[in-house]
Amino acid sequence: MYNFVSPLTIISGAGSLAKLPEQINRFNAKKVMIFADPGVIQVGIVKKVEDVLVGAGITYDLYSEIIPEPPVHIADQAVSALKNSDADMVIGIGGGSSLDITKAVAVLSKHEGTVADYLNLTGTKKLSNKGLPKILIPTTSGTGSEVTDIAVFSLESSKDVITNNYLLADVAIVDPELTYTLPPRITAATGVDALTHAVEALISVNASPLTDALALDAIRRISQNIRTGVWHGSNVKARSELSWGSLIAGLSFYNAGVSGVHALAYPLGGLFKLSHGDSNAVLLPYVFDFVWPSCIEKMVLMADALGVNRAGLSNREAAIAAVKALYDIVKDVGIPTNLQEFDIKEEYIEKLSQDALKQKRLLARSPKPFTIDDIRKVYTAAYNGKLNLL
Ligand SMILES: [Fe+2]
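Residues numbered from 1 in each chain as written. Predicted model: local features only at pLDDT ≥ 70, side-chain atom pairs only at ≥ 80, totals over all residues. Heavy atoms only, no water.

(A) How the structure looks around the packing of helix α9 (residues 260-272) against helix α10 (residues 276-291). The contact between α9 and α10 brings their axes to 8 Å, and the two run at 135°. Judged by the inter-axis angle, α9 sits oblique to α10. Taken as a pair, α9 and α10 cross one another with a handedness that is right-handed. Residues Gly260, Val261, His262, Leu264, Ala265, Tyr266, Leu268 and Gly269 of α9 lie in contact with α10, whose contacting residues are His276, Ser279, Asn280, Val282, Leu283, Leu284, Val287 and Phe288. Partitioned by chemical class, the residues of the contact of α9 with α10 number 10 nonpolar, six polar and no charged. (Axes fitted to C-alpha atoms, helices over the stretch in contact; angles between N-to-C directions. Helix = DSSP H or I, 4+ residues; strand = E, 2+ residues; numbered from the N terminus. Parallel < 35°, antiparallel > 145°, perpendicular 65-115°, else oblique. Left-handed = near helix turned anticlockwise from the far one by under 90°. Contact = heavy atoms within 4.5 Å. Nonpolar A, V, L, I, M, F, W, Y, C, P; charged D, E, K, R; others polar.)

Okay, here's the thing in structure tokens:
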């Protein structure tokens, strides 16, 4: 038996932002509050959204005190702002950080307490209602946050999440035109995050035929277009393919789950403030170098989706070639392929390993179980930049 959950309405494709007013009007909102980070405002994307709202006679407030990889106190401030506003609907615009805050804020504006009270690992309170209706508009092709009920927050040395169906968007608007101004480095990091969602969903112990179909199509589209999207950002086809790939990777991983790469990536974000995309990218090949023997059939499917020429290869060789293909993508899009290039010292491997082991919810989805020693070995391989296979 399989269960598949997604936002009620997903509108995608170039120009889909124009559908925003009719979606707001469905909820009879009198006023909306936009949550966006300063970077998205600076490049003019929020202005595009404001123009659409003004053109439709919709009044709005704008909240922009959002920072990347937000700690809980930043989300608490956003909750206060919404509680003090007369807005009855929220719109999140941006990358994962802005969308995660928007989801949490929409729900927590109708709850007592702080964001920390509702965290999965350390919180003590339970959510009781879905709060205000929410529309999410991603401006990167990466996190898939627009179709998941997960909001990630930074703690002192790691991360924790709020996950609850109440956080799901009512509407996701995925318009590739909003990604045209993304610089190469962010296109690379967010694109590899999306690819990581797809490959981790594919091998997850909770995968289903539906999540596999979405994951394989996402792997195909992202791997075929990420290099062009990064190095030729004005290529409309590559941007569209990455946008669609990220969306369906998000739907796939939201239902099948991510595992080892994300579990080991969280401590890199928490301890060293690496972006979520970079944290995943630098670990992606090394985690798959560890797990592939436990999921060879899925790795063969992945090899095909990654464009590996399997002629004359055994299934085992095809699985290994898929791991190498993941490494090549990370390298080709200009992301460091070892921890030393991020200035992370070897002495931190033990602390990173202990923190990653706490991500039991994620590690439980891996087809190959991780012991603490396995985790140390994967970090050590990533530190040295050495795949066993090379
Ligand atoms: Fe992710």
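(B) Summary view of the coordination of the iron ion. The coordination sphere of the iron ion, as far as protein atoms go, consists of Asp193 (OD), His197 (NE2), His262 (NE2) and His276 (NE2), spread over 2.2 to 2.3 Å. If you look at the iron ion, its four donor atoms make angles of 83 to 166° with each other, and the shape they trace is irregular. Written as a sequence motif, the donor arrangement for the iron ion is D-x3-H-x64-H-x13-H. Taken together, the residues Asp193 in helix α6 (residues 184-203) and His262 in helix α9 connect sequence positions 69 residues apart. Accessibility assignment for this pair places Asp193 and His262 in one class, buried. (Donors = N, O, S within 2.8 Å, 3.2 Å for Na, K, Ca; no water. Tetrahedral: all angles 85-135°; square planar, octahedral: opposite > 155°, others 65-115°. Buried < 20%, exposed > 50% of the residue type's maximum accessible area, 1.4 Å probe, protein only.)

(C) Structural context of empty space enclosed by the protein. Throughout the structure, instances matching the rule amount to two cavities of 30 Å³ or more. Estimated volume of the largest cavity: approximately 50 Å³. The wall of the largest cavity is formed by Pro138, Thr140, Ser141, Glu146, Val174, Asp175, Pro176, Thr179, Ser243, Ser246 and Leu247. Each residue belonging to the lining of the largest cavity can be placed in one class, and the counts come to four nonpolar, five polar and two charged. Empty space within the second largest cavity amounts to approximately 50 Å³. Along the walls of the second largest cavity sit Ser141, Thr179, Leu182, Thr187, Thr190, Gly191, Arg239 and Leu242, which together make up its complete lining. Elements supplying a minimum of two residues to the lining of the second largest cavity: α6 and α8 (236-256). With three residues, α6 is the largest single contributor of residues to the lining of the second largest cavity. Taken together, the residues that form the lining of the second largest cavity break down as two nonpolar, five polar and one charged. (1 Å grid on protein atoms, 1.4 Å probe; cavity = no way out; pocket = protein on both sides within 12 Å on 5 of 7 lines; lining within 4 Å. Points joined across faces, edges and corners; volume = space filled by probe spheres on them.)

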